[in-house]
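# Per-entry structural report
Listed here are the chains, written in short residue letters.
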Amino acid sequence: MASESVPPDGMTGAELEAAATFGPAFDDETMAKLETVAQGVGVSRRLALIAMARGADSLGKMHVEQPDAFREMRERIEDFRAHAQGLHELAEAAALRMVIAECFEESEEAPAIV
């Protein structure tokens, strides 16, 4: 028997019932492509970490003395920020799917919301 779950905040029983019929958001091929893209984000992530490990004086000096490198670093960090925002949205949606799935009754052939 499934543990009792509480519907996500602000979600009525009717909304939960409607949400419980979701299908896959994408197929396995798309999932593999997304994973491949995510593996290429390491350099941008490390550049963001470097920026966080430097003070304003160090970053300002880089801006003045190495403007091309600074510009590229800034662009890569912006790309990483957008990627991370997308990951956050994906994680929120995945977590909601798991919460909804917890509301299914195990004993039913076709899932029923409890």
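Computed from a predicted structure; not experimentally measured. (Residues numbered from 1 in each chain as written. Predicted model: local features only at pLDDT ≥ 70, side-chain atom pairs only at ≥ 80, totals over all residues. Heavy atoms only, no water.)

### Brief notes about helix α3 (residues 42–52)
Listed in full, the buried residues belonging to α3 are G42, S44, L47, A48 and A51. Close packing links the buried residues of α3 with α2 (28–39), α4 (56–65) and α5 (67–102). (Buried < 20%, exposed > 50% of the residue type's maximum accessible area, 1.4 Å probe, protein only. Helix = DSSP H or I, 4+ residues; strand = E, 2+ residues; numbered from the N terminus. Contact = heavy atoms within 4.5 Å.)

### What about α2?
With twelve residues, α2 extends 17 Å between its outermost C-alpha atoms, agreeing within 8% with the 16 Å of an ideal straight helix rising 1.5 Å per residue. The backbone nitrogen of E29 lies 3.3 Å from a side-chain oxygen of the residue at the head of α2, namely D27. (Expected span 1.5 Å × (residues − 1). Polar contact = N/O pair within 3.5 Å; in protein donor to acceptor, adjacent residues only side chain to side chain.)

### Describing the environment of M73
Looking at the element boundaries, M73 is found in helix α5. In sequence terms M73 and V43 are 30 residues apart; their C-alpha atoms lie 9.9 Å from each other. Ignoring any residue separated from it by four or fewer positions in sequence, one finds M73 in contact with L47, I50, A51 and M62.

### Comments concerning the pattern of salt bridges
The final tally for this structure, using the stated rule, is three salt bridges. Between E29 and K33 there is a salt bridge whose closest N-O contact spans 3.4 Å. Taken together, the positions of E29 and K33, both in helix α2 and four residues apart, correspond to about one turn of that helix. Judged by its relative accessible area of 51%, E29 is exposed. Looking at K33, the relative accessible area reads 53%, which means it is exposed. The closest approach of N and O atoms between D68 and R71, which form a salt bridge, is 2.4 Å. Separated by three residues within a single helix, D68 and R71 lie in helix α5, roughly one turn from each other. (Salt bridge = Lys/Arg side-chain N within 4 Å of Asp/Glu carboxyl O.)

### Remarks on a nonpolar patch on the surface
On the surface, F26, M31, L34 and L90 cluster together into a nonpolar patch covering about 360 Å² of accessible area. Checked against the element boundaries, L90 lands in helix α5. (Patch = residues over 30% accessible without salt bridge, like charges linked within 9 Å, V, L, I, M, F, W, Y side chains within 5 Å. Areas by Shrake-Rupley, 256 points an atom, 1.4 Å probe, with all protein chains shown as cover.)

### Describing the packing of α3 against α5
Relative orientation of the contacting elements α3 and α5 amounts to 110°, with a least axis distance of 8 Å. Here α5 runs roughly perpendicular to α3, going by the angle between their axes. For α3 against α5, the interelement crossing comes out left-handed. Counting all contacts with α3, which are made through V43, S44, R45, L47, A48, I50 and A51, the residues of α5 involved are M73, R76, I77 and F80. (Axes fitted to C-alpha atoms, helices over the stretch in contact; angles between N-to-C directions. Parallel < 35°, antiparallel > 145°, perpendicular 65-115°, else oblique. Left-handed = near helix turned anticlockwise from the far one by under 90°.)

### A word on the confidence of the model for the chain
Per-residue confidence for the chain averages 84 on the pLDDT scale, and 83% of its residues sit at or above 70. The element-level mean pLDDT for the chain is lowest in helix α1 (residues 13–19), coming to 72, with α4 highest at 97. (pLDDT = per-residue confidence, 0-100.)

### Details of the side chain of S44
Looking at the secondary structure, you find S44 in helix α3. In contact with S44, not counting residues within four places along its chain, are R76 and F80.

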